[in-house]
Amino acid sequence: MKNKTALNRMFILIVVAIASGFLSSVAVAQSSIEVTSPDARSKVAVGIDADGALFYSIERSGQSIIKPSRLGIVLASGDTLGAAVRVLERKTTDHDETWTQPWGEIAQIRDHHRQLKLSIEQIDGGQRMDIVIRVFNNGVGIRYEWPEQSALKAIAIADELTEFRFARDGAAWWIRAYEWDRYEYLYEATPLSRAGALLHTPFTAEFKDGPVVAIHEAALVDYAGMSLKRTGPLAYKADLAPWSTGVRVYAEAPARSPWRVLLIGDHPADLIENYVVLNLNEPNRLGDVSWVEPGKYIGIWWAMHLTKWTWGSGPNHGATTEHTRKYIDFAAEHGFSGVLVEGWNVGWDGDWLSSGGKSFSFVTPYPDYNFEELAEYARQRGVRLIGHHETGGNPPNYEAEMDSAFALMAAHHVRSVKTGYVQWGTNFPRVDGPGVAPGDTAREWNYGQYMVDHYQKTVETAARHQIAINIHEGVKDTGLRRTYPNLMTREAARGQEYNSTLGPGNGPDHIPTLAFTRMLAGPMDFTPGIFDLDNSGPLANKVPTTLAGQLALYVVLYSPLQMAADLPENYPPYMDAFQFIKDVPVDWSETKALEGQIGDFVTIARKDRHSEDWYLGAKTDGAARVMDVALDFLSQGNRYTATLYRDAQNADWQTNPTAYQIETRNVTSADRLRVPLAPGGGLAVRFTPSE
Ligand code: NOJ
Ligand code: CA
């Protein structure tokens, strides 16, 4: 505590000193090194302490959010960039631009921010670095840039110093980093002061009387993923996943880091309508992406998770020509654009996990899967097969076939491929590059620089074949879909699969937690739509929602590729409810987060991008509650027919999950909608203009 107070005092003194031109080491006279958001509510201050070390702090409405926190990196050579610096130049610019997403949860996004670029130089070594800070009304981005220079060519980063020293304690939602199951954990809710030692981002914290804040990163390209490491009672620092060599990042100037991001809102729902992460990514680099097709799909998938069918060959092989034909028929009949087929290629037999994924071939179908014939069968019915590349966490094996694997998919009219990195742990093999002798293998973190580069290679290779990607078990989303719109969706969280025999199940507060944590990163392939809720085994593995709750997920959990995950035969008993899945779009022009408390409940409304229809999804945790929202998002003057898919009075996820009722009401934007939600329940609504 003592140190912190001293640090604060020093920081204030230094800012004052700089402002008055007192510090002789500041080469450029500065009246201020503060930058405010366009609405002037948020303020970021950058200061240099007596030793010349760089700090930043964040305030909102005069209240401190982040206290003076270090900035900088430590090089493997031992030099620290961001310590003992002089400022060479500072430049503030304003930016206000509206851009259009080719697909998304919203069509038009306004990028309105003020930027401060601070160019610094190490007093001793002369290395130069830029700190770029963008302040939005609802967030802050900070990145490092290393311009081309003679004092710094090859960059090996041993540590990144970026700190986040919270001003006060609050409530926090988090999952542990560096654990074997990647991001596939249930979130813990604790006081911020009791959150874990190593955390993944997005990491969300809420403070009494506001604000609510999430730490994440944007534009993770050719760099190590950032986790958060506790350094004090209310303090974390960036922890970059190291290479097997111990170095965190290898780069060559000119280079730059991803953005360190703070999303800021007054209420939890504000975080959902926050596009700072996307705004901090580069515009579309792929040009015409009309071949990137949002859509709904079914798949040969849940049957394997229920152990009814197998991925591998044998009498219960799932991916047979016969099964796939039936799935294509079902998709065509009910308007699904895709059929995912897992287990179509050789490599699943025997213990593919223990063999380290070496067995997979991405160009060799099983003999009972006639890819050629099925592609044509699907094409005639207006359906596309969706490819699957399970790598078993073996990137070199996958990369060896990658180009021909996507070529094979493209030749069979496939427009999207789901990739996977299942392995006993998070360290994957690498056969070349730093520190690996010829013929040797090193092991690298799933979210270290090697794997970040691997995912990038996958996305770029797929793009050359006009194929979109859905990554499972991969690195978290950092908004790269803006730059590479074929990087459509991913898992990077605990999805529906855990509500199967895999278990333990996710628990009813998982969804209202995901909405304010994982989903802030970007779309998730959660795979909603399980209707057979009564007999999925022991309670611990039961799908922890009602049927209406499953429908709500199509609106609550945004993904441009959205699955109806259950076995096709489980839908006909509930065809009237299935209608919602058939109707609900996956591409939206507007998103409104109407209400929510983290971990308790969430209500989101979205407008279809291709019609005047609105949809609403509300999801509660294990507690029954009444959703009560204003419908003022609807177009004024229009009358709408609202079709409600709601929990029946006696519904309960544990005892009576399939009790729902469908009701229609006439509403306008002047109305409120008040609907009870059952324990573990939810509500899905379609609003259609009636005139
Ligand atoms: C884990 C994925 O999340 C799941 O969807 C997939 O079915 C299995 N891996 C097999 O690849
Ligand atoms: Ca998974």
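Rules and cut-offs
- Residues numbered from 1 in each chain as written.
- Chains lettered and ligands numbered in written order.
- Predicted model: local features only at pLDDT ≥ 70, side-chain atom pairs only at ≥ 80, totals over all residues.
- Heavy atoms only, no water.
- Donors = N, O, S within 2.8 Å, 3.2 Å for Na, K, Ca; no water.
- Buried < 20%, exposed > 50% of the residue type's maximum accessible area, 1.4 Å probe, protein only.
- Helix = DSSP H or I, 4+ residues; strand = E, 2+ residues; numbered from the N terminus.
- Phe/Tyr/Trp six-rings, centres within 6.5 Å; stacked < 30°, edge-to-face > 60°.
- Core = buried A, V, L, I, M, F, W, Y, C linked by side-chain atoms within 4.5 Å.
- Contact = heavy atoms within 4.5 Å.
- Near = heavy atom within 4 Å.
- Polar contact = N/O pair within 3.5 Å; in protein donor to acceptor, adjacent residues only side chain to side chain.
- Areas by Shrake-Rupley, 256 points an atom, 1.4 Å probe, with all protein chains shown as cover.
- Nonpolar A, V, L, I, M, F, W, Y, C, P; charged D, E, K, R; others polar.
- Axes fitted to C-alpha atoms, helices over the stretch in contact; angles between N-to-C directions.
- Parallel < 35°, antiparallel > 145°, perpendicular 65-115°, else oblique.
- Domains from an automatic or database assignment.
- Buried area = accessible area lost by both parts, 1.4 Å probe.
- Salt bridge = Lys/Arg side-chain N within 4 Å of Asp/Glu carboxyl O.

Draft legend 1. Molecular detail of the coordination of the calcium ion (ligand 2). Those donors, E184 (OE), E184 (OE), E473 (OE), E491 (OE), E491 (OE) and E497 (OE), are the protein atoms that reach the calcium ion (ligand 2), and they lie 2.2 to 3.1 Å from it. Sequence positions of the donors to the calcium ion (ligand 2) reduce to the motif E-x288-E-x17-E-x5-E. The same class applies to E491 and to E497, which are both buried.

Draft legend 2. Up close: unusual backbone geometry. Residues G210 and P211 are joined by a peptide bond in cis, for which omega reads 0°. Positionally, P211 belongs in the loop between β16 (203-206) and β17 (212-218). Cis rather than trans, the peptide bond between A253 and P254 has omega equal to 0°. Secondary-structure assignment places P254 in the loop between β20 (249-252) and β21 (255-256). The residue D222 is not glycine, and still its phi comes out positive at about 50°.

Draft legend 3. Seen up close, the packing of aromatic side chains. Within this structure, the stated rule accounts for 36 aromatic pairs. Centroid distance W614 to F633: 4.9 Å. Interplanar angle 50°. Geometry classified as tilted. Taken as a pair, W614 in strand β34 (residues 614-620) and F633 in the loop between β35 (625-630) and β36 (640-647) lie far apart in primary sequence, 19 residues in all. For F633, a relative accessible area of 10% puts it in the buried group.

Draft legend 4. Quick look at the nonpolar core. Counting 187 residues, the largest nonpolar core has I133, W146, F203, L262 and L385 as the members making the most contacts within it. Apart from the residues lying within four places of it in its own chain, the contact partners of I133 are V35, V44, V46, R114, Q115, L116, V140, G141 and I142. One finds A605, V667, L673 and L683 within the second-largest nonpolar core, a separate group that totals 19 residues.

Draft legend 5. Focus on the site of ligand 1. The immediate surroundings of ligand 1 are formed by 13 residues, with E342, E390, K418, H472 and E473 found nearest. Contact between ligand 1 and E342: an oxygen atom at 2.6 Å from a side-chain N or O atom of the residue. Here an oxygen atom of ligand 1 and a side-chain polar atom of E473 are 2.8 Å apart. Relative to its free-state accessible area of 290 Å², ligand 1 is covered by the protein chains to the extent of 94%. Considered class by class, the residues forming the shell around ligand 1 number four nonpolar, three polar and six charged.

Draft legend 6. Local environment of the packing of helix α10 (residues 547-556) against helix α11 (residues 575-583). It is the contact of α10 with α11, at a shortest axis distance of 10 Å, that shows an interaxial angle of 10°. Judged by the angle between their axes, α10 and α11 are roughly parallel. Counting all contacts with α10, which are made through L547, L551, Y554 and V555, the residues of α11 involved are A577, F580 and I581.

Draft legend 7. Spatial organisation of the domain arrangement of the chain. We note that the domain assignment places domain 1 (4-278), domain 2 (281-492) and domain 3 (503-524 + 538-558 + 570-691) within the chain. Each of domain 1 and domain 2 has a C-alpha centre, and the two are 34 Å apart. Contact with domain 1, which involves 39 residues of that partner, is made by 40 residues of domain 2. Both faces considered, domain 1 and domain 2 share a buried interface measuring about 3,300 Å² in area, 56% of it formed by carbon and sulfur atoms. Sorting the residues of domain 1 by area buried against domain 2 places W103, Y183 and W243 first, and these three jointly supply 25% of that buried surface. Remark: the boundary between domain 1 and domain 2 carries three salt bridges. Across the pair E217 and K476 runs a salt bridge whose closest N-O atoms are separated by 2.8 Å. At the boundary of domain 1 and domain 2, one finds 24 residue pairs in polar contact (both at pLDDT 80 or more).

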